Amino acid sequence: MLAAVITFPGSNCDRDLARGFELAGARVVRVWHKETALPAGTDIVGVPGGFSYGDYLRCGAIAAQSPVAGAIAAHAARGGFVLGICNGFQVLTEMRLLPGALMRNAGLSFVCKPVRLRVATADSAFTSAYAKGSEVVFPVAHHDGNYTIDAEGLARLQGEDRVAFRYIDNPNGSMDDIAGVLSANRRVLGMMPHPERAVEAVQGGSDGSAFFRALAALTAPV
Amino acid sequence: MDEPKITPELIAAHGMKPDEYARLLEIIERVPTFTELGIFSAMWNEHCSYKSSKKWLRTLPTTGPQVICGPGENAGVVDIGDGQAVIFKMESHNHPSYIEPHQGAATGIGGILRDVFTMGARPIAAMDSLSFGLPSHPKTAHLVKGVVEGIGAYGNAFGVPNVGGEVRFHRSYNGNCLVNAFAAGLADADKIFYSAASGVGMPVVYLGAKTGRDGVGGATMASAEFDDTIEEKRPTVQVGDPFTEKCLLEACLELMASGAVISIQDMGAAGLTCSAVEMGDKGGLGIRLDLDRVPVREVGMTAYEMMLSESQERMLMVLKPEREAMARAIFEKWDLDFAIVGETIAEDRFLILHGNEVKADLPLSKLSSSAPEYDRPWVETPASAALGEVPAIAPIAALRALIGSPNYAHKAWVWEQYDCQVGADTLRRPGMGAGVVRVHGSTKALAFTSDVTPRYVKANPFQGGAQAVAEAWRNLVAVGALPLAATDNLNFGNPEKPAIMGQLVGAVKGIGAACRALDFPIVSGNVSLYNETDGAGILPTPTIGGVGLLASLDDLISGLPGAGDLALVIGRTEGHLGQTALLAEAFGIEAGDAPHVDLVAERKHGEFLLASRKLVSAASDLADGGLALAAFEMAEAAGIGVSLESGDIGQLFGEDQARYLVACTPANAEALAAAAAQAGVPLARVGQFSGATVSLGGDAAPLAGLSALYRSAFAEAVA
């Protein structure tokens, strides 16, 4: 299992995401945003949290135009796995790999705290370790996590079982309490909460370990 | 462009006193140019020269076997074993934050982070100690919102976890809020970078963001009192860009790892002037700068403006010439400016060229070494009158007065706006005592706290100064950390007033005594004076930032008691009520003496707790609010009720020092009692954590209702 973790200027959870994969037994290659190709054999692309390009213009908008974005899009088009966390989720929506948009939190303030999530579907490589309907706790830390989508798009996400996680106590005003969504082929996941901050008990919880272990087991380690 | 003529008005406008100007003339033996006057005023203002405080700062203990580098560099450096070091400092951004809270606070964070990574360290933790005016004052809500938002906006984007701090409200800060920002970073002990230049003819390189007109004269502004013209000072506040700072961090660490850097200094107060003089002065060299090569973002900037600009996210570096191409490539990778703007020279000169003209030609070594130093007259703060009769109050009503006040309410409204976990190494988040961050990739951790009780310092500067140190030390011990060293951020009023100077002198003496007794040296710091508005000074606020080491993650003591745990107090409780939180919050009384600090007992009780940590399920230091507040905080955090046996207000809310509240299982409580008896440490069983009720000597209330008050009071006060 080879994970390519992207670093944009302004990314600040790239190291944490790489470690989440590594602790689960995956091999990780760090990829600078000016690269135009992913390392050969990349199974999953990790688009990390942070403030790519300072979140200037719109969160994720400039990163979506970065040289590496073309390689990520091609990887997704081939049916490759892509995981976007926090700013990474914003980047994936700006790249149109995922529907909808992340707006300013309903409370207008940055919010950092552990939140309880309901696993809304177990039918994806990302969530297969959890039972549908089970509860996990991951931290959130964002200013723009208020998920918004048009009525038709929302109906489609719901009808196709593409909501991966829902907030139990919605911290940001997201529609339908959506914390994470899957692509139509279920191989691209974007989510605002940070499973990579919950992979060891000393961090205050380790509900994210199963998340990364399931991904690491996708293909045999090299 | 013609420079203005030097007139007495112009000299005064630069904050320079007539005797200081006379000294300047004596040094250069001619009338200075406008640019030279600006350079002198920047180097000689209080903010950069510490001219009022230096005499007293020298008395502080700054050494110890753990200290690698004490005050004088960008930040202090302390050994944490295994070839690693923690690098930290605290610095104020008070005046800018009052004028423009968001940018003022944001650039305060930016500045302190730069101080840390300039020395080669990756920042791993930040804290903020904030003091505001009364919530009812018309400016307060605006300042709180702006400052907290600014700290969050900068730190969150930069990517440093904010793990602690303080927020207080008092009328003395109505016209002058305090924003004290702390940052700590991690580096290999043999890869620390200093500011002293070495070698003649070495390229002086400018790195980072471009220079604009923002912040011109900021350091001089920060050294003056406020009056009703402050709105005119808004253009002296800088604007921060955390994105550029994050790129600058990564580029600098990459460049440092390459071995190309001889010395480095960030451009903070007085920008290019201060940084260049610092590098030359420490290296015994002169510096020539060619301002035509400085990257600028505005046209028509004068030499004066470029030398005094406080544009953010800039660094000055002396580079090994043969590594120039590689260094340039690293900065181009990060899309940052990289320009050779001068060189080191053998003569003792600070030579500034612009547009083929010499704009300044000064003896460099005289700029900092000849800065004026004052032995300001001071008077001892008179002893406080004895505390009179304390009004009667029921224990639960007293607790409600505290937890319903924004001073002692739950501060989630603040810290949930800060990313406290980026880096994925945060082991203890803000909210209770010290924050704890793992040393990345190891099984060690560092603990961080910031503390001061300004009421105490005003009543008794010596005891108040000592108490701030003792409380920081205790907070580190309470999480199981060995206290290593501290940084001090001394915020006072106008030092030209003997009574204010007396507060400074007394507090520094108290800080020094406590640091010596606790082997807790001061390794860095900052002084902020003239914190007055229209002649009224702030409460003296010497903030102490403390750092401790957990050699193993197993040493960490939790803050959360278990149901059925007994509550015990280490240390003697006399019931000292003078200057307590209870008097201030319940009755609006600030009277009596501050509690006295027994430094021998402090050390003994702290060492006892560290030695007994395996017996303890949870611990907290006892500080303002006393036993009742600490017990409530522990119980509330764990979601368990607590019952304290005594209903005596002095026992419950007294603020005697050298005390800890610990929770133990009944079996461990017996073992702890035996150990305490053997060690000669006072230990008293005071109650138990259980149920869903808070009971203080039989006066009881449901935890849920108290918790609701505790968790809503802050937001309501600043809404």
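Notes on the structure in this doc start here. Keep in mind the model is a prediction, meaning the values are calculated, not measured.

### Points about the overall build of chain A
Looking only at helices and strands, chain A has five helices and eleven strands in total. Compactness check: chain A gives a C-alpha radius of gyration of 16 Å against a globular reference of 17 Å for 222 residues, within 12% of the reference. On the principal axes, the C-alpha backbone points of chain A span a range of 40 × 35 × 35 Å. Burial statistics for chain A: of 222 residues in total, 60% are counted as buried. Long-range contacts, defined here as pairs at least 24 residues apart, represent 73% of the contacts in chain A between residues at least 6 apart. When the accessible surface of chain A is split by element, carbon and sulfur atoms take 52% of a total near 8,000 Å². Charged side chains of chain A number 20 positive and 20 negative; the gap between the two group centres comes to 2 Å.

### Considerations on the sheet that holds strand β8 (residues 261-266) of chain B
Within a sheet, neighbouring strands are paired by backbone hydrogen bonds and run either parallel or antiparallel to one another. Residue and element names in this part refer to chain B. Spatial ordering of the open sheet is given by β8-β10-β7-β11-β9-β12-β13, a layout of seven strands whose pairing is mixed. Two strands in the sheet have a free side with no partner beyond their single neighbour: β8 and β13 (357-362). On average, each strand axis in the sheet is tilted by 25° relative to the strand beside it, whichever way the strands run. Where strand β12 (residues 350-354) meets β13, five bridges bridge the pair, whose relative direction is antiparallel. Note on β13: the bridge partner recorded for Leu353 is Val358. In the packing of helix α13 (residues 324-333) onto the sheet, the strands contacted are β7 (203-208), β10 (314-319) and β11 (337-345), and the crossing angle to β11 comes to about 145°.

### Some remarks on the sheet that holds strand β23 (residues 618-621) of chain B
Residue and element names in this part refer to chain B. Sheet architecture is open: seven strands sit in the order β23-β25-β22-β26-β24-β27-β28, paired in mixed fashion. Either end of the sheet is taken by a strand with one partner, and the two such strands are β23 and β28 (699-702). Strand after strand, the sheet turns through a mean of 20° between neighbouring axes, direction not considered. Sheet topology places strand β22 (residues 566-570) next to strand β25 (residues 660-664); five bridges connect them, and they run antiparallel. Note on β25: the bridge partner recorded for Leu566 is Cys664. Lying over the sheet, helix α24 (residues 666-679) contacts β22, β25 and β26 (683-689), oriented at roughly 135° with respect to β25.

### Things to note about the packing of helix α15 (residues 395-403) of chain B against helix α22 (residues 626-638) of chain B
Residue and element names in this part refer to chain B. Where α15 contacts α22, the axes come no closer than 10 Å and their chain directions differ by 70°. Our classification of the angle between α15 and α22 gives roughly perpendicular. Considering how the two elements wind past one another, α15 and α22 form a crossing that is right-handed. Facing α15, whose interface residues are Leu399, Leu402 and Ile403, α22 presents Ala628, Leu629 and Phe632. In terms of residue class, the contact of α15 with α22 is made up of six nonpolar, no polar and no charged.

### Concerning the packing of aromatic side chains
Scanning all chains against the criterion turns up 21 aromatic pairs over all chains. Geometrically, the ring pair formed by Phe138 of chain A and Phe165 of chain A is edge-to-face, given 5.9 Å between the ring centres and 70° between the ring planes. Remark: Phe165 of chain A occurs in strand β9 (residues 163-167) and Phe138 of chain A occurs in strand β7 (residues 135-142); sequence separation between them is 27 residues. Phe165 of chain A gets classed as buried once you look at its relative accessible area, which sits at 0%. Through a chain of ring-to-ring contacts, three or more aromatic side chains come together here, namely Phe21, Phe81, Phe126, Phe138, Phe165, Phe211 and Phe212 of chain A. Positioned above the aromatic ring of Tyr98 of chain B, the side-chain terminus of Lys139 of chain B is 4.6 Å from the ring centre.

### Some words on the side chain of His410 of chain B
Residue and element names in this part refer to chain B. Mapped onto the secondary structure, His410 falls in the loop between α15 and α16 (412-415). Using a relative accessible area of 13% as the deciding quantity, one classes His410 as buried. What His410 contacts, discounting residues up to four positions off in sequence, is Trp415, Tyr710, Arg711 and Phe714.

### Considering unusual backbone geometry
Residue and element names in this part refer to chain A. The backbone phi angle of Arg96 is positive, close to 65°, even though this residue is not glycine. Considering the arrangement of structural elements, one finds Arg96 in the loop between α3 (87-94) and β5 (101-103). For Leu108, which is not a glycine, the phi torsion comes out positive at approximately 70°. Here Leu108 is to be found in the loop between β5 and β6 (111-119). For Leu108, a relative accessible area of 57% translates into the label exposed.

### A closer look at the nonpolar core
If you look at the biggest cluster of nonpolar residues, it comprises 137 residues, and the most contacted ones within it are Phe21, Leu83, Phe165 and Phe211 of chain A together with Phe331 of chain B. A per-element tally of this core places helix α10 (residues 242-257) of chain B first, with nine residues. Grouped together as the second largest cluster of nonpolar side chains are 58 residues, Ala486, Cys515, Ile544 and Val662 of chain B included.

Parameters at a glance
Residues numbered from 1 in each chain as written. Chains lettered and ligands numbered in written order. Predicted model: local features only at pLDDT ≥ 70, side-chain atom pairs only at ≥ 80, totals over all residues. Heavy atoms only, no water. Helix = DSSP H or I, 4+ residues; strand = E, 2+ residues; numbered from the N terminus. Rg over C-alpha atoms; globule rule 2.2 N^0.38 Å. Buried < 20%, exposed > 50% of the residue type's maximum accessible area, 1.4 Å probe, protein only. Contact = heavy atoms within 4.5 Å. Areas by Shrake-Rupley, 256 points an atom, 1.4 Å probe, with all protein chains shown as cover. Lys, Arg positive; Asp, Glu negative; His and termini not counted. Charge placed at Lys NZ, Arg CZ, Asp CG, Glu CD. Pairing = 2+ DSSP bridges. Axes fitted to C-alpha atoms, helices over the stretch in contact; angles between N-to-C directions. Parallel < 35°, antiparallel > 145°, perpendicular 65-115°, else oblique. Left-handed = near helix turned anticlockwise from the far one by under 90°. Nonpolar A, V, L, I, M, F, W, Y, C, P; charged D, E, K, R; others polar. Phe/Tyr/Trp six-rings, centres within 6.5 Å; stacked < 30°, edge-to-face > 60°. Lys NZ or Arg CZ within 6 Å of the ring centre and 35° of its normal. Core = buried A, V, L, I, M, F, W, Y, C linked by side-chain atoms within 4.5 Å.

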